[in-house]
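Listed below, chain by chain, are the residues.
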Amino acid sequence: MANVTVIGAQWGDEGKGKIVDWLASRADAVVRFQGGHNAGHTLVVGEQVYKLSLLPSGIVTGTLSIIGNGVVLDPWALKAEIEKLTTQGVVINAENFAIADNCPLILPLHRDLDGLREQAAGAGKIGTTGRGIGPAYEDKVGRRAIRVCDLAHLDALDVQLDRLCAHHDALRAGFGQPPVDRAALVAELKDIAPYVLQFAQPVWKRLNKVRKAGARILFEGAQGVLLDVDHGTYPFVTSSNTVSGTAASGSGLGPNSTGFVLGIVKAYTTRVGSGPFPTELEDATGQRLGERGHEFGTVTGRKRRCGWFDAVLVRQSCAISGVTGIALTKLDVLDGFEKVKICTGYRLRGKVLDYFPSHAADQAEVEPIYEEMDGWTGTTAGARSWADLPAQAIKYIQRVQELIETPVALVSTSPEREDTILVRDPFVD
Ligand code: IMP
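Since we're looking at a predicted model, the values are computed, not measured.

For the rest of this paragraph, the subject is the packing of aromatic side chains. Aromatic ring pairs are described here by two measures, namely the spacing of the ring centres and the angle between the planes. For the structure shown, the criterion picks out six aromatic pairs. Note on Tyr346 and Phe356: the rings are 5.6 Å apart at their centroids and 50 degrees apart in plane angle, and the pair reads as tilted. Residue Tyr346 is found in strand E14 (residues 339-348), and its partner Phe356 is found in the loop between strand E15 (351-353) and helix H11 (360-365); the two are separated by 10 residues along the sequence. Relative accessible area serves as the criterion here: at 0%, Tyr346 is assigned to the buried category. Phe356 sits in the buried class, given a relative accessible area of 5%. Members of the aromatic cluster, each reached through a chain of ring pairs, are Phe97, Tyr195 and Phe199. The ring of Trp22 carries the charged tip of Arg26 above its face, separated from the ring centre by 4.7 Å.

Structure representation (structure tokens):
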């Protein structure tokens, strides 16, 4: 059986939700492999609206849902999310939900530090979601994290807590904050431990068993490649690797198990938070894209910055993540534009570039080179086959495909599941 890895190929918010839901309904297991509750995803099933941040998308339909070791887990946010879903009738238990026991925890001290740093940075801030994601990943690679498995051994945690608190106390002192209240932290951890531990297990083992049994596994990426800590617009990135390769390392399966890589690509570009954005439109056109696309963040409610499609960035993302095919989303937002533009290259201090440079100053300075195309007067909203699309919209899709050097597997034409043009089913590779 084929497996599928879904990743965002821009700065997140590409419309992964609808595609992931459709794939999750056909998967036997859904795995989150990076990020944390900085992700946001609204699921509409019949009359019910479900809000997911940390839990994998399969959870609502009872599909085996797994949080892999590559995720950073806020146990209190987890409990709140599960409790909310439970009141909505979703059944979540140790049969259908598992958390990797080697998953690092996000603690209140991480959230504190995230906020303090952003506040101190002023205009230079990253614009994080304020969930403590970055500081938690720092402690993971700094080898001082408290992990899920530690919750079963809280009385033997002194050395680890010494290391963790010494580090944070020094940072907090720099911000004029009191040291970590260690006793309170231990008490909070003791309180939440049984709740988390009921789901904890060596997830790599369960996943390998599921894989051997021929199950279909969906690896659900969060954020987007341009927010990847290595390949993104550093330092304006999240603190995890958001590329497809993380599906393996962040879950405990080999790279030969992660299957078809489906890159989700919005027909234009958006970004939340600070950082370079070459095709950003700070004019009426940008405003129109934002309004038509309802571009407000799901987690923080922040207004998203909007701009034309940047083929250079998406080509780069597809190459870096080995994207097999893309799902092009929100094409209907471009309906009615007289002209549409696609960025095909950059100009930087007199030179023409066919890639996005690594240095932050260069990233901020590149000027987009545009190709202009006629827009379309008809609507693409709700189209379910090529025949339903205006000819000019088909030309736009074909040009996107050509420029990003990656084929289109799906085109999504509205938030409704059925409003999709399926070119290639990722599960039937
Ligand atoms: P952090 O992940 O909270 O540290 O935020 C770092 C950057 O990633 C900020 O620019 C956030 O706006 C962005 N970010 C984090 N999660 C998401 C997401 O799910 N969608 C879009 N942007 C995100």
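There's more to say after this.
This part takes up the pattern of salt bridges. Side-chain pairing between opposite charges can occur once the charged atoms of the two side chains come close. Per the stated rule, a full pass over the model turns up 21 salt bridges. A salt bridge links Arg384 to Asp419, with the nearest nitrogen and oxygen atoms 2.8 Å apart. With Arg384 in the loop between strand E16 (367-374) and helix H12 (391-404) and Asp419 in the loop between strand E17 (408-412) and strand E18 (420-422), this residue pair connects regions lying 35 residues apart in the sequence. Judged by relative accessible area, Arg384 falls into the partly exposed class, the value being 48%. Looking at Asp419, the relative accessible area reads 8%, which means it is buried. A cluster of three or more residues bridged by salt bridges with shared partners is formed by Asp13, Lys266, Glu295, Arg304 and Lys330.

Of note, the bond from Tyr234 into Pro235 is cis; its omega dihedral lies within 30 degrees of zero at 5 degrees. Looking at the secondary structure, you find Pro235 in the loop between strand E8 (217-220) and helix H8 (246-249). Phi is positive for Arg143, close to 60 degrees, though the residue is something other than glycine. In this structure, Arg143 sits in the loop between helix H4 (133-141) and helix H5 (158-174). A residue is classified by how much of its surface remains accessible, and Arg143, at 69% relative accessible area, is exposed. Even without glycine at this site, Glu405 takes up a positive phi of about 55 degrees. For Glu405, the location among the structural elements is in the loop between H12 and E17.

The environment of the ligand is formed by 15 residues, the closest being Asp13, Asn38, Thr129, Thr238 and Arg302. In the environment of the ligand, an oxygen atom lies 2.6 Å from a nitrogen or oxygen atom belonging to the side chain of Thr238. Between the ligand and Arg302, the relevant distance is 3.0 Å, taken from an oxygen atom to a side-chain nitrogen or oxygen of the residue. Its residues assigned to classes, the shell around the ligand comprises six nonpolar, seven polar and two charged.

Okay, empty space enclosed by the protein next. Take a probe with the size of a water molecule and roll it over the atoms, and the empty space left behind shows itself. Using the criterion set out here, one finds one cavity of 30 Å³ or more in the structure. One number sums up the size of the largest cavity: a volume of about 30 Å³. In terms of lining residues, the largest cavity is bounded by Val225, Leu226, His231, Leu313, Gln316, Ser317 and Ile320. Taken together, domain 1 (4-100 + 199-260) and domain 3 (265-422) each give at least three residues to the lining of the largest cavity, which thus spans both.

The next subject is the state of the cysteines. All chains considered together, the criterion is met by zero disulfides. No disulfide involves Cys165; its sulfur sits 18 Å from that of Cys149, the nearest cysteine. What makes Cys165 buried here is its relative accessible area of 5%. Looking at the unpaired Cys343, the closest cysteine sulfur is the one in Cys318, lying at 15 Å.

Attention now goes to the domain arrangement of the chain. As far as domains go, the chain holds domain 1 (4-100 + 199-260), domain 2 (108-196) and domain 3 (265-422). Facing six residues of domain 2, the contacting portion of domain 3 comprises five residues. For the domain 2 and domain 3 pair, buried surface summed over both sides reaches about 370 Å², with 40% attributable to carbon and sulfur atoms. Looking only at domain 2, the three residues that lose the most surface to domain 3 are Gly127, Thr129 and Arg131, adding up to 67% of its buried area. For the pair domain 2 and domain 3, the interface holds zero salt bridges. At the boundary of domain 2 with domain 3, the tally comes to three residue pairs in polar contact (both at pLDDT 80 or more). In terms of residue class, the side of domain 2 that touches domain 3 is made up of one nonpolar, three polar and two charged.

What follows is about the environment of Thr300. With respect to the secondary-structure elements, Thr300 resides in the loop between helix H9 (284-292) and strand E11 (305-307). A relative accessible area of 34% means that Thr300 is categorised as partly exposed.

A few words on the environment of Val408. Position of Val408 relative to the elements: it lies in strand E17. Classification of Val408 by relative accessible area gives buried; the value is 4%. A C-alpha to C-alpha distance of 5.4 Å links Val408 and Gly325, two positions 83 residues apart in sequence. When neighbours within four sequence positions are excluded, Val408 is seen to be in contact with Ile326, Ile397, Gln401 and Val423.

Conventions we followed
Residues numbered from 1 in each chain as written. Predicted model: local features only at pLDDT ≥ 70, side-chain atom pairs only at ≥ 80, totals over all residues. Heavy atoms only, no water. Phe/Tyr/Trp six-rings, centres within 6.5 Å; stacked < 30°, edge-to-face > 60°. Helix = DSSP H or I, 4+ residues; strand = E, 2+ residues; numbered from the N terminus. Buried < 20%, exposed > 50% of the residue type's maximum accessible area, 1.4 Å probe, protein only. Lys NZ or Arg CZ within 6 Å of the ring centre and 35° of its normal. Salt bridge = Lys/Arg side-chain N within 4 Å of Asp/Glu carboxyl O. Near = heavy atom within 4 Å. Polar contact = N/O pair within 3.5 Å; in protein donor to acceptor, adjacent residues only side chain to side chain. Nonpolar A, V, L, I, M, F, W, Y, C, P; charged D, E, K, R; others polar. 1 Å grid on protein atoms, 1.4 Å probe; cavity = no way out; pocket = protein on both sides within 12 Å on 5 of 7 lines; lining within 4 Å. Points joined across faces, edges and corners; volume = space filled by probe spheres on them. Domains from an automatic or database assignment. Disulfide = S-S within 2.5 Å. Contact = heavy atoms within 4.5 Å. Buried area = accessible area lost by both parts, 1.4 Å probe.

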